[in-house]
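# Fold and contact review
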Amino acid sequence: MFAYHLNMALRSLVRTPGLSILMVLAIGLGIGVCMTMLSVYALMAGDPIPHKSDRLYAVQLDSWDPNQPFLEPNEPPYQLTWRDALELAERSPAGVPRAAMIGMAMIAEVPDASNARPEIVTGHATTSDLFGMFDVPFQFGGAWDRLTDKEAGQVVVLSRELNDQLFGGEDSVGRNIKVGDIYLRVIGVMDDWQPTPRFYDVNVGAFDRLDEAFVPLSLFDRHRDEWGLNGNVSCWDPPTEAGLFASECVLTQFWVELPDAAAVRDYHAFLDAYVKQQKELGRFQRPLNNRLSNVNEWLDINEVVEDDNTVLLGLSFMFLAVCLLNTVGLLLAKFLGRAGDIGVRRALGASRVAVFQQHLTEVGVLGAIGGLVGLALAWAGLAGVHALYDDYERVAHLNLELVAIAIGLAVFAGIAAGLYPAWRICRIAPATYLKTQ
Amino acid sequence: MDIRPILSALARSRTGAVLVALQIAITLAVVCNAAFIVQQRLAKMDRPSGYDDGNVVTVQVIPLEQAANDRSAIAADLRALRAISGVEAASVTQQEPLSNSGINWGISKTGAPNDPDSINLSAYLFDEQGLDALGMKLIAGRWFRPEEVQILDDLDDLVRVHVPSLVVTQAVADILFPEGDALGQTVYDFPDNGMQIIGIVERAQGYFVSRPNIENSMFRPAVIQNTRQAYVIRSKPGDLDAVLHEVEPALLAVNPRRLVRHVRTLAEVREESYGNDRAMAITLLAVMGLLIAVTVLGVFGLMAFNVSRRRKQIGTRRALGAQRSDIVRYFLVESWLITTAGAVAGAVLAVALSVWLVNTFELPKLDWHYIPAGIVVLWVVAQLAAYGPARRASAIEPAIATRSV
């Protein structure tokens, strides 16, 4: 029966080409606009590391000004001081993977290469656990280990893009890059790794360029005066002679992996004990206010989704509503225009239900075609978004899931639009239309 | 003209009219609010910066060896830049204004840690040519003298080394000293660190273009050596292109062992920083345009459908003596009625949407003038859409009345 309905539906669409095109366009336009905004929004608001996002926690300590909170009403700063990050990295309980990191920029060149120019390389200095914690994939080689962390080994992990740029994409493990006076040995090249948003450091934009290189935190410690910071530094108490890294300025990020609620409780206890001990040294003059936030909570706290995107998403759904109202009108016009045909079919024995199903099928087909048109328009729309918004490089693309949503939304919208016209048409009394006018 | 026949005809075939009225309502609500947001963004991007944007060139210099960029190296760079023909003035700083990156500082009248009247502002470090290099307008006091400019080893030095003078913007002066006597007053960033306001500039926007405190800026006479720099060069009118091309070669001639990048005018820096606002405005305009187009199609479709359904009625009226213009007027009035009904509902919806936007996103409240303006636009556009079918209706011959099919 469905095949018959499908057949009739297709014939009917072809018989009124103008009207069908208008309806497909109306649905397609609505779906196209919606899917463009929805894609951007979903990727901005999405979970960057779904298989692990509930086990990775960002640590916040309230080392801020006793006279006022970092952020009203009583929020601790987003980052830690240098010394707190190092202490926590050193003293966290043995079974807890922990990553202390800081955004950095260095000037690197490939030694002895004929056409090499020094490049600014931005990335993070980190402890080695990061790679296991975030499941970073590697194309060549791998990460360094905790021993290298201790020894401040002169190693570097490159991103795939940077490796393409510096070494033409070859296996560069074992080769060196020159940073200032020292040589860093390439120990690993990452594969495509695009956590969207870049949850572990959202201080300078969560959708910006990805890290090009990772170096050991201890190595950065030795060269921090020559290399530069690439992130946010906030101070409530100005640094003393001892400098930024000995001060109460916050500039590092700290993440831990805690598998269950018991582990979270234990780590909270550890943090509390640490802060209490620091209080005795005269630091941490604010009341105890430590936080552990998993990835999605962290992204919420940092308000990673721009208001503009939410507004556009809302407006695009209203646009879809207008398109659907338009489609309902067109469908009514079309169906009522064919009332004579339906009258004959009903008189020949077609039940109301069959007529209703027939028209719903037609509308469903319309929705599906509209969905395809909508996808094409969404693709164009996302190209537009990419052109307009510089830092949305990674956010403006469709994935399989969104394509499925687009088609599903289109068919659903089409059927929703078609319900009323289909109902109207199957209610007509056949006799009225069988008479000659 | 008697409206009753039109109304009763509409009442009998309500659905199409209701659908179009709903479309118009939603379109009006969206278009009014979207147009308002667009206007807000355009106004934001249009604010004067206080600098001579079109003639100021900025460039970033990153030394390959940090220690290579000491005070004599910086002095050599400035000599080279000032020697370029067409250059009015050149100065050195840490980060260009309006670039969405930079240093925030806090100052107050007392410097006490919990002073509720402390204000947050952008902190700029410049030398004695900073005023002319940026093209700012000094309205009180004076700018820095060469001997006042201190050389610092890093940013924290600003706290430890006493730099006793500063220049602030009018906005800062008004907040701290509303009586207008800011010149000569002492302000503090930390309890023992007093600085005297020696000059006031009319306007100088800060680093971050989307922050509410963008008009609050201060200038200190200082240069940080042994780190990356940004140079600010003002060209004489007409010499901008020449200067733009000369900057990189001039700097590399002084010392090729560094990265010289982002040679651009302050106007270009601004444009980049406002990128998201411009994108939002363009996207909203596109959505508004599409929305009006879809609604116009809806009106057109409904009127065409109505005309085709009432051929006999129209023919009969013509046969009974109605003129062509009467038929056209009939359909234009019908379309006008539907549009008005939609507009009334739309005005209510626009206000509701505005309230929701204000509460959820802290956007400013919709300026009510947008609603009547939107209604007028929709009226005009709907009438234009209805005109085509109305004209075709008037072409229906009276003879139709006599046919039986």
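Just so we're clear, the structure is a prediction, and the values are computed from it rather than from any experiment. (Residues numbered from 1 in each chain as written. Chains lettered and ligands numbered in written order. Predicted model: local features only at pLDDT ≥ 70, side-chain atom pairs only at ≥ 80, totals over all residues.)

## Here's the deal with the domain arrangement of chain A
Taken domain by domain, chain A consists of domain 1 (2–48 + 306–434) and domain 2 (62–289). Put simply, the middle of domain 1 of chain A and the middle of domain 2 of chain A, counted by C-alpha atoms, are 49 Å apart. (Domains from an automatic or database assignment.)

## Focus: the confidence of the model for chain A
Note that predicted coordinates carrying low pLDDT should not be read in detail. Across chain A, pLDDT averages 89, with 98% of residues at or above 70. The weakest mean pLDDT in chain A belongs to helix 14 (residues 430–434) of chain A at 74; the strongest belongs to strand 1 (residues 56–60) of chain A at 96. (pLDDT = per-residue confidence, 0-100. Helix = DSSP H or I, 4+ residues; strand = E, 2+ residues; numbered from the N terminus.)

## Observations concerning the environment of Phe207 of chain A
All names here are of chain A. Within the secondary structure, Phe207 sits in the loop between strand 8 (182–190) and strand 9 (213–216). Classification of Phe207 as buried rests on a count of 21 C-beta atoms within 10 Å. Residues Phe207 and Gln194, 13 residues apart in the sequence, show an inter-C-alpha distance of 9.8 Å. (Buried ≥ 20, exposed ≤ 12 C-beta atoms within 10 Å, placed from the backbone.)

## Here we look at the domain arrangement of chain B
The assigned domain composition of chain B is domain 1 (4–46 + 276–402) and domain 2 (65–256). For domain 1 of chain B and domain 2 of chain B, the distance between their C-alpha centroids amounts to 55 Å.

## A short note on the sheet that holds strand 12 (residues 258–265) of chain B
All names here are of chain B. Taking strand neighbours across the sheet as the criterion, the four strands line up as 2-11-1-12 in an open arrangement whose pairing is antiparallel. Bordering the open sheet on either side are strand 2 (87–93) and strand 12, each of which pairs with just one other strand. In this sheet, neighbouring strand axes are inclined to one another by 20° on average, regardless of whether the strands run parallel or antiparallel. Direction of pairing for strand 2 relative to strand 11 (residues 229–235): antiparallel, over a ladder of six bridges. Each bridged residue has a counterpart across the sheet, and for Val87 the counterpart in strand 11 is Ser235. (Pairing = 2+ DSSP bridges. Axes fitted to C-alpha atoms, helices over the stretch in contact; angles between N-to-C directions.)

## Some points on the packing of helix 2 (residues 17–45) of chain A against helix 13 (residues 400–426) of chain A
Residue and element names in this part refer to chain A. Running from amino to carboxyl end, helix 2 crosses helix 13 at an angle of 140°, the nearest separation of the two axes being 10 Å. Read as a crossing pair, helix 2 and helix 13 show a hand that is right-handed. Taken together, the residues of helix 13 that come into contact with helix 2 (itself represented by Ile27, Gly30, Ile31, Cys34, Met35, Ser39 and Ala42) are Leu402, Ala406, Leu409, Ala410, Ala413 and Gly414. Partitioning the contact of helix 2 with helix 13 into residue classes produces 10 nonpolar, three polar and no charged. (Left-handed = near helix turned anticlockwise from the far one by under 90°. Contact = placed C-beta atoms within 7 Å. Nonpolar A, V, L, I, M, F, W, Y, C, P; charged D, E, K, R; others polar.)

## Overview of helix 10 (residues 311–319) of chain B
Residue and element names in this part refer to chain B. Within the span of helix 10, buried status applies to Ile314, Gly315 and Arg318. Looking straight down helix 10, one finds its buried side chains confined to an arc of 100°; they lie on one side. Contacts made by the buried residues of helix 10 are with helix 11 (324–361) and helix 12 (370–394). Phi for Gly321, located one or two positions after helix 10, is positive at around 120°. (Arc of directions from axis to C-beta.)

## Some points on the nonpolar core
Ranked by size, the top nonpolar core spans 103 residues in total, and within it Ile27, Phe319 and Cys323 of chain A together with Leu28, Ala29 and Leu291 of chain B carry the most contacts. If you list the elements that add at least two residues to this core, you get helix 2, helix 10 (307–337), helix 12 (352–388) and helix 13 of chain A together with helix 2 (14–46), helix 9 (275–309), helix 11 and helix 12 of chain B. If we skip the residues at most four places from it in the chain, Cys323 of chain A touches Ala26, Ile27, Leu29 and Gly30 of chain A together with Val294 of chain B. (Core = buried A, V, L, I, M, F, W, Y, C linked by C-beta atoms within 7 Å.)

## A word on the interface of chain A and chain B
Many structure descriptions define interface size as the accessible area lost when the parts assemble. Facing the 38 residues of chain A at the interface are 40 residues of chain B. Of all elements in the fold, only helix 2 and helix 10 of chain A reach the threshold of two or more residues within the side of chain A that touches chain B. At 17 residues, helix 10 of chain A tops the list of elements feeding residues into the side of chain A that touches chain B. Along the lines of polarity and charge, the residues of the side of chain A that touches chain B split into 24 nonpolar, seven polar and seven charged.

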